[in-house]
Amino acid sequence: MSPEYSIILLTVFAGAGQGLFACLVAGDALGFITGSPMDINIMLTGAAVSLGMTIAGVGSSFLHLTHPERGIKTINQWKKSWLSLEAILLPVFMGFVAFYGILAYYGADTSLRLAVGGLGVVSAMALYLASGMIYAAVPYIKEWSTPYTPINFTMIGLASGGALQVGLLRFFNGPHITSLVMIAGLFAVTFTAMVIKLAYYLRNRRLYQPLTIQSALGINHPDIVLMDMGTGYMHYNTKEYDYKGYQNSRGTIRIASIALLFILPLALMTFDYMPLFNGDSAVAVGGGVLALITAVSMIAGALMERWLFFVDGSHAQNLYYGGSKDFAAPNPILQASKKGAPLPPG
Amino acid sequence: MKQLALVIDLYKCVGCHACAVNCKSWNSTGQFGPLKDHDPYGKEPTGVWFNRVQTYEVGSFPDTQVINFPKSCMHCADAPCVSVCPTNASFKREEDGIVLVNYDDCIGCKYCSWACPYGCREFDEFEGVMKKCTLCVDRIYNTDLPEDERQPACVLSCPTRARVFGDINDPQSEASKAISKGMGYKLMPDSGANPSNHYLPHRKVSVKVDDDEITVKKQGAIKAVRRKVDVEEVVIEDFGIGG
Ligand code: SF4
Ligand code: SF4
Ligand code: SF4
């Protein structure tokens, strides 16, 4: 599939914004429980950054729509379309974040603030699910139609947002115990996200297109070759579904994305946060600069990861334009038929 | 429930592209407004076509068959493009099963085109909306046209009558008869979309050619082939229906 840069920006930035808010509220609750509340600056900055990132993502996704002025029409199809649900949940989430920030600013009751924050976290989680399901619900792109997709969106969003939140805790010298718990949590989330992502890549390597050119044309013969696609030049279907760009660099980009998204952050975390575990909360190496680098590295890695998610997708309609050669694994049904076994019906 | 659709005979289709051209022509001038192209007379012409004819070669030389394959929206019974649309711009008409896009509601998110297994939706970059075959809804009910022309433009233009239009749920319709008589089948029956358009299978055309009538000249990688064909000995065999 061709990469939609506006959607890549939307899912990465809004995903990090959601993750940041979820971790912010978790930190807030932790401060409440342990009796050493988080600094108000952390809450305000966190809410502002979360809101800013989500708005940036939404803004870029509006650029992708050719008729954003009709966006309001998306609100009544939420029962059938995940895209409609996402369009509803985005402003709901942003509303909760803004409300939380306002409550923090005016020093409202902690339990009220936490309740609003909690609802915001619920909407953030629902939003991850809706965003992921937009892709997972397309059965004709096998790389996308898997539970890995929403889980992956959630984990990477939480990890990159968590890195931002830990950066804030570092920068504003947040409560010691909260910092410790959040760092341990972030480490665990990042590591799990990496395992899930690698498992997903492994899964894709074994994937094959279950539909065949035989069933696409309804012709029961093992050798079918496209001779003429009917037009002299590319058109929407060949451009949108059969993206050929950066074929040779994709492996490098994949390694870079894993390094930036997981390996480097895990290493930086270990290095930067060591003093904390020695009970020395005041020593942030370079005043939280390393924490900031961690977050930036993760977001850069996530942008690459999302780009690969798009270009890895191979649509069933490509069968009409020359088969499923994009898949790493050959289709076993087709292989069997080439060896002389009859094609199974259907 | 009524379900209008096309039945396309792959055996009769000669790949002349008349249906595709007439489709483009009607839909550039009909009630839905223009259907513009980029660089139409240049080197890289591209634009929306509702109907495209592709050509495949089946088998391996010298035992091959050429299959011309017109493809337009299947007006699926369980159209996945309709269920994913966030604005309901894509909809399926209750009264005749035609799947249409309301160009005034489409936000251009392209989600529906991802959800179509057949690659039958095309994005109009000039208007920023998704488009596709309308089953000539602006012809078939058009009282300004003489009665015998109230048919899809592609059906009218086909010189070999390879395209039949009708209600596939009415056993008496010409389309249903063509399907049952000609062993009509659906593309990707396991796609879950339940397409309404049907195809009639290609039948193998055997031309008897003796070995000494085939000259193969090898010039590096290029093979030049000359055949003298005895047209009187055309044998028609069943080609087999897959899917
Ligand atoms: S062929 Fe594609 S565009 Fe047409 S109804 Fe089916 S899913 Fe929709
Ligand atoms: S591109 Fe238009 S018709 Fe297609 S899903 Fe989006 S709003 Fe609906
Ligand atoms: S029915 Fe009309 S719109 Fe559809 S392919 Fe035929 S001519 Fe084109």
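Model, not experiment: these values are computed from the prediction.

### Some details on the site of ligand 2
No. 1: For ligand 2, the set of nearby residues contains 13 residues, the closest of which are B:Cys85, B:Cys106, B:Cys109, B:Lys110 and B:Cys112.
No. 2: Residue composition of the shell around ligand 2, grouped by class: nine nonpolar, three polar and one charged.

### A word on a nonpolar patch on the surface
No. 1: The grouping of A:Phe99, A:Ile102, A:Tyr105 and A:Tyr106 at the surface amounts to a nonpolar patch, some 500 Å² of accessible area in total.
No. 2: By secondary structure assignment, the location of A:Tyr105 is in helix H3 (residues 82-105).

### What about the pattern of salt bridges?
No. 1: By the definition in use, this model includes 16 salt bridges over all chains.
No. 2: Overlapping salt bridges bring together A:Lys197, A:Glu305 and A:Arg306 as one network.

### Quick look at the packing of aromatic side chains
No. 1: Going through the model one piece at a time under the given rule, you end up with 26 aromatic pairs over all chains.
No. 2: Between A:Tyr135 and A:Phe153, the aromatic rings sit 5.7 Å apart at their centres with planes inclined by 50 degrees, giving tilted as the arrangement. Of this pair, A:Tyr135 sits in helix H4 (residues 110-136) while A:Phe153 sits in helix H5 (residues 148-171), and the two are 18 residues apart along the sequence.
No. 3: Look at A:Tyr135 and you get buried, because its relative accessible area is 4%.
No. 4: Judged by its relative accessible area of 4%, A:Phe153 is buried.
No. 5: With 5.9 Å between their ring centres and 35 degrees between their planes, A:Tyr135 and B:Trp114 make a pair best called tilted. Remark: B:Trp114 occurs in helix H3 (residues 111-115) and A:Tyr135 occurs in helix H4; the pair is interchain, linking two chains.
No. 6: Since its relative accessible area comes to 4%, B:Trp114 is described here as buried.
No. 7: Here the aromatic cluster, defined as three or more aromatic residues joined through ring pairs, consists of A:Tyr135, A:Trp144, A:Phe153, A:Phe309, A:Phe310, B:Tyr111 and B:Trp114.
No. 8: Across from the ring centre of A:Tyr201, 4.8 Å away, lies the NZ or CZ of A:Arg254, which sits over that ring.

### A look at the pairing of strand E10 (residues 163-167) of chain B
All names here are of chain B.
No. 1: Burial analysis of E10 places five of its five residues in the buried class, which makes it a mostly covered element.
No. 2: Here strand E1 (residues 4-9) runs beside E10; their pairing, made up of five bridges, is antiparallel. Among the inter-strand pairings, Ala5 is bridged to a residue of E10, identified as Gly166.

Reading the values: rules and limits
Residues numbered from 1 in each chain as written. Chains lettered and ligands numbered in written order. Predicted model: local features only at pLDDT ≥ 70, side-chain atom pairs only at ≥ 80, totals over all residues. Heavy atoms only, no water. Near = heavy atom within 4 Å. Nonpolar A, V, L, I, M, F, W, Y, C, P; charged D, E, K, R; others polar. Patch = residues over 30% accessible without salt bridge, like charges linked within 9 Å, V, L, I, M, F, W, Y side chains within 5 Å. Areas by Shrake-Rupley, 256 points an atom, 1.4 Å probe, with all protein chains shown as cover. Salt bridge = Lys/Arg side-chain N within 4 Å of Asp/Glu carboxyl O. Helix = DSSP H or I, 4+ residues; strand = E, 2+ residues; numbered from the N terminus. Phe/Tyr/Trp six-rings, centres within 6.5 Å; stacked < 30°, edge-to-face > 60°. Buried < 20%, exposed > 50% of the residue type's maximum accessible area, 1.4 Å probe, protein only. Lys NZ or Arg CZ within 6 Å of the ring centre and 35° of its normal. Pairing = 2+ DSSP bridges.

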